[in-house]
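Chain by chain, the residues:
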Amino acid sequence: MTVEAANSIGPALTSTANVLLWSDAPHGSPWVVADVARREFPFGSLDEQAAEVAELLAGGYVKKFERDGYVVLHRE
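S.K.: What should I look at first to understand the pattern of salt bridges in this one?
M.R.: With the rule as written, the count across this model stands at 2 salt bridges. The salt bridge involving Arg38 is made with Asp35; its shortest N-O contact spans 2.9 Å. For Arg38, a relative accessible area of 35% gives the class partly exposed. For Asp35, a relative accessible area of 0% puts it in the buried group. Between Lys63 and Glu66 there is a salt bridge, with the nearest N and O atoms lying 3.0 Å from each other.

So this is what it looks like as structure tokens:
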């Protein structure tokens, strides 16, 4: 499984997934774990992170889970 993940959560996923850094240049992974509550590298602001999540949702991803600022998106 391949997942694009926020910088802070990515290391916790490496034992079960191929992890790519979540950024504003999507890699087309079936899963994205974003963080919209804390500023994450390489984004410059929370607004940029929220905008990227909105763009992914508009592009066909579906929100599967959301808690404490983390958002899990999936695209078939």
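S.K.: I'm lost on unusual backbone geometry in this one. Help?
M.R.: With the exception of glycine, the majority of residues adopt a negative phi angle, and the majority of peptide bonds are in the trans configuration. Here the amide bond leading from Phe41 into Pro42 is cis, since omega sits at 10°, within 30 degrees of zero. Within the element layout of this structure, Pro42 appears in the loop between β3 (31-35) and α2 (46-58). Despite not being glycine, Asp68 has its phi angle at roughly 50°, a positive value.

S.K.: Just checking my understanding: could you explain α2 for this structure?
M.R.: Side chains of residues three or four places apart in an α-helix project in the same direction, reflecting 3.6 residues per turn. Compared with an ideal rise of 1.5 Å per residue, which puts 13 residues at 18 Å, α2 spans 18 Å between its outermost C-alpha atoms and is within 8% of the ideal. Along α2, the positions that sit buried rather than exposed are Gln49, Glu52, Val53 and Leu56. End-on view of α2: buried residues confined to an arc of 100°, all on one side of the axis. Along α2, the residues that are exposed and aim more than 90 degrees away from the buried face are Asp47, Glu55 and Ala58. Tucked into the core, α2 has its buried residues touching β3 and β5 (70-74). In the segment just after α2, Gly60 is the residue with positive phi, at about 115°.

Rules of the game
- Residues numbered from 1 in each chain as written.
- Predicted model: local features only at pLDDT ≥ 70, side-chain atom pairs only at ≥ 80, totals over all residues.
- Heavy atoms only, no water.
- Salt bridge = Lys/Arg side-chain N within 4 Å of Asp/Glu carboxyl O.
- Buried < 20%, exposed > 50% of the residue type's maximum accessible area, 1.4 Å probe, protein only.
- Helix = DSSP H or I, 4+ residues; strand = E, 2+ residues; numbered from the N terminus.
- Expected span 1.5 Å × (residues − 1).
- Arc of directions from axis to C-beta.
- Contact = heavy atoms within 4.5 Å.

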